[in-house]
Amino acid sequence: MTGRNDRAEIFARLKAAQDGRLKAPHPGGMTPPKSAATKGKAMVTHFINKAIAQYATVTELDRFADVPGFMSDWLRGQNLPKEFVLAPILSGLDWAKETTITPRPGAATTADTVGVSLAYGAAAETGTVMMISGHHTPTTLNFVPDVEVIVLSKKDISAGMEGCWEKLRAYKTQNPMPRAVNFVTGPSRTADVEATMVLGAHGPRRLHIVLVDETSPWPKST
Amino acid sequence: MEVSSENFKANVETAVVDDNLKGAMGKLTGALRPNRAKAVAGLPEFDALRDHGIAIKMHTLDHIDTYLEQFEANVVANGGHVHWCADEDSARQTILDLCRQHDVKTVTKGKSMVTEELGLNAFLDNHGILPLETDLGEYIIQLRGESPSHIIAPATHLQQHQIKETFQSAHTHLDADRPMDTAEALTEEARQELREKYGAADAGITGANFMIAETGSTIIVTNEGNGDLTQTLAKTHIVVASMEKILPTMDDAGVMLRLLARSATGQEMSVYTTLSSGPRRQGDLDGPDAFHVVIVDNGRSKMLAGSEREMLRCIRCSACLNHCPVYASIGGHAYGWVYSGPMGKVLTPSLAGLEQAKDLPNASSFCGKCEEVCPMRIPLPKLMRNLREQQTEQKMTPLKQRVALSLWSALASRPWLYRKLTGLMTRTLARLAGKRRVFSWMPMIGEWTKSRDLVAPEGGSFFDRYHARTQPIKGADHDDRTQ
Ligand code: SF4
């Protein structure tokens, strides 16, 4: 047993406070603000613009099979190490053909400079990606490496958060609720020194989003 | 944390002459006010969104017991544990027991106002457990041994050179000549100092911006990523949450999130919004082995039953602080407790007791800006006035003030007597003032007349003059200013 158990006492007080009150009804759900583009190409463009406004960088690719080649070029172009930690869900791609880079599938440690993971959803309204935890996509990839690369299928973008919740509810019918759901909007930052914004506080200093036209490789049961 | 709000008057006197504070506060309000204005202007539906958010909160508070029970059941179904704590003693002891149960020696912490309210760091420290704050602002004030001066920007009272000095004396293992003159350099130094600490900690303690009943999740909203490192890399994750953070569904959280970041920093969305729902699952490669949620009442159920109920809608966005002229000139520490600004003026007496915070509800210009910017439209000025009335009823205000107020109220409720007396007083004062028509001293208001003269009334009371004027003067334009 931990501490005192005040459960009964607290609930008695809460119930007493509600006695005889007229109870307000739930106002129901809401639709994403009209100011956000809600469909098709315009929605994808909106997502890209919002993500860039939040200091992310974006690349568009046709197919998931293009991701290894892109990573090889990009790491070299950015002068980043060729070793990186990779979300196991993406290890099925043909990495072997890219001989200059070495992905290591698994969770991230502080020794990793670059991490690559796959998003489960996204909200165009704010340029936000939704990551879920699990053996496919470990949470540490989103926070520990200096440079975070997130691959996202355009088909997984919704207008607002409501679409992300819907996707999560669907996921929950087949699986337990993921331990962690991370909504990520740009790289980490702080304004704790004299209200001056500085990128790269404790989490990633950079966020690169790789947008792919094709359907994502999430297993059907998820 | 200990409450020192009874020293409010003395605290204010020190604060208004502090130049470092003045400089720092100017930068905060200079950044956050226009940011919020821009974010609100960018969302035409903002007001409708506020109404929607308020309706969700009102519904939730009316059914808070049901939703808390649903939350508990879902946390347990997710493999976590829920602990209920009626007051701060109970909460501190529960957290300590959890630490002992999991053999915890070191703790990393994400930013959490409720743990500040509990004075948790000092308590853990006294019991041999080392707490380390990881939010940059919290880290700075922990090194300085201070409390937060703002609910989302805890070190906002400090200027850059003060932070530099703090790091110089704390990080003595680093090169004394390292560059430290930019916000970037200081942020980087803290990043490097804390980097290896997350994984080495036995437990990570975070707060919760929201709890979702539907899924049994707690939510943290941050920009730095420290909260997520804290809760992902430690072996045990302990969430400490005050009970009014509960929301029914994920969609409800979506509405609140839209309001929160815009009202706080003017961002459309903070960088990281994380739902935590239990310990690591089978097959997971990371995440904590154990997940505990400590739900803290500590005065909330009393507020729910009382006249400060509306205050429980607060989502701790800080808009009321950022727009308050009083807060901007005295900073957060003068308020004497962890909550400051207009929300602190209502929360501190409600949670810590009116006795402890006598002057707080009185120190307001009642300009109404706080209510105007509050996303939850909490009537802060009204709540402050309520608390003031309670003080008078409970005879907490000085005797002189109470006698004067009750005399005035006796008079005001008898118009004929009021008119007679004020008329008499005006004429007497006019006669006493003599030729100069001013008083350079007055009993009861000696402090006031010390540095200025009081002009003597002329020409009778308002009513005398009003009656004289009700006979319309031909050709006059009925404008009193022409007299
Ligand atoms: S009282 Fe309103 S404005 Fe102030 S912190 Fe709470 S929600 Fe924000």
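The structure under discussion appears in the preceding block.
If you're wondering where the values come from, they're calculated on a predicted model, not measured in any experiment. (Residues numbered from 1 in each chain as written. Chains lettered and ligands numbered in written order. Predicted model: local features only at pLDDT ≥ 70, side-chain atom pairs only at ≥ 80, totals over all residues. Heavy atoms only, no water.)

1. Considerations on the overall build of chain B
The secondary structure content of chain B amounts to 23 helices and 12 strands. Summed over its atoms, the accessible surface of chain B is roughly 20,200 Å², and 55% of this surface lies on carbon and sulfur atoms. (Helix = DSSP H or I, 4+ residues; strand = E, 2+ residues; numbered from the N terminus. Areas by Shrake-Rupley, 256 points an atom, 1.4 Å probe, with all protein chains shown as cover.)

2. Structural notes on the pairing of strand β6 (residues 128-132) of chain A
Remark: a regular strand shows side chains that alternate across the two faces of the sheet. Residues and elements named next belong to chain A. The element β6 is extensively covered by neighbouring structure, given that 5 of its 5 residues are classed as buried. Of the two faces of β6, the one lined by T128, M130 and I132 and the one lined by V129 and M131 are each fully buried. When strand β5 (residues 121-123) meets β6, the two strands line up antiparallel, connected through 3 bridges. Bridging from a neighbouring strand, G121 pairs with M130 of β6. (Buried < 20%, exposed > 50% of the residue type's maximum accessible area, 1.4 Å probe, protein only. Pairing = 2+ DSSP bridges.)

3. Observations regarding the interface of chain A and chain B
With 80 residues of chain A at the interface, the matching set in chain B holds 105 residues. Applying the counting criterion to the chain A and chain B interface returns 14 salt bridges. Close ionic contact of E214 of chain B with R169 of chain A constitutes a salt bridge, the shortest N to O distance being 2.6 Å. Taken together, the connections running from chain A to chain B amount to 48 residue pairs in polar contact (both at pLDDT 80 or more). In terms of residues, the side of chain A that touches chain B owes the most to one element, helix α1 (residues 7-18) of chain A, which gives 9 residues. The residue inventory of the side of chain A that touches chain B, partitioned by class, reads 33 nonpolar, 27 polar and 20 charged. Relative to strand β9 (residues 272-276) of chain B, strand β9 (residues 180-184) of chain A is paired through 5 bridges, and the arrangement is antiparallel. Across the sheet, the residue bridging to V181 of chain A is L275 of chain B, located in β9 of chain B. (Contact = heavy atoms within 4.5 Å. Salt bridge = Lys/Arg side-chain N within 4 Å of Asp/Glu carboxyl O. Polar contact = N/O pair within 3.5 Å; in protein donor to acceptor, adjacent residues only side chain to side chain. Nonpolar A, V, L, I, M, F, W, Y, C, P; charged D, E, K, R; others polar.)

4. Re the packing of aromatic side chains
All names here are of chain A. Summed over all chains, the structure comprises 11 aromatic pairs over all chains. Judged by centre distance (5.3 Å) and plane angle (75 degrees), the ring pair of W165 and F183 falls under edge-to-face. With a gap of 18 residues between them, W165 in helix α4 (residues 161-174) and F183 in strand β9 connect regions that are remote in the sequence. Just as W165 is buried, F183 falls in that class too. Cluster of aromatic residues (ring-pair linked, three or more members): Y120, Y171 and W218. Over the aromatic face of F11 sits the side chain of R7, whose NZ or CZ is 4.5 Å from the ring centroid. The ring of Y120 has K167 sitting right over it, with the charged end atom 5.4 Å from the ring centre. (Phe/Tyr/Trp six-rings, centres within 6.5 Å; stacked < 30°, edge-to-face > 60°. Lys NZ or Arg CZ within 6 Å of the ring centre and 35° of its normal.)

5. Examining the nonpolar core
Ranked by size, the top nonpolar core spans 169 residues in total, and within it F47 and V129 of chain A together with L68 and M311 of chain B carry the most contacts. For F47 of chain A, the residues in contact, after removing those within four places along its chain, are A122, A123, A124, G127, T128, V129, L152, I157, I209 and L211 of chain A. One finds C99, L118, F123 and I205 of chain B within the second-largest nonpolar core, a separate group that totals 20 residues. (Core = buried A, V, L, I, M, F, W, Y, C linked by side-chain atoms within 4.5 Å.)

6. Regarding the site of the ligand
Around the ligand, a shell composed of C314, I315, R316, C317, S318, A319, C320, M343, C374, P375, I378 and L380 of chain B is seen. Split by residue class, the shell around the ligand holds 10 nonpolar, 1 polar and 1 charged. (Near = heavy atom within 4 Å.)

Purely geometric stuff here, so don't read any function into it on its own.
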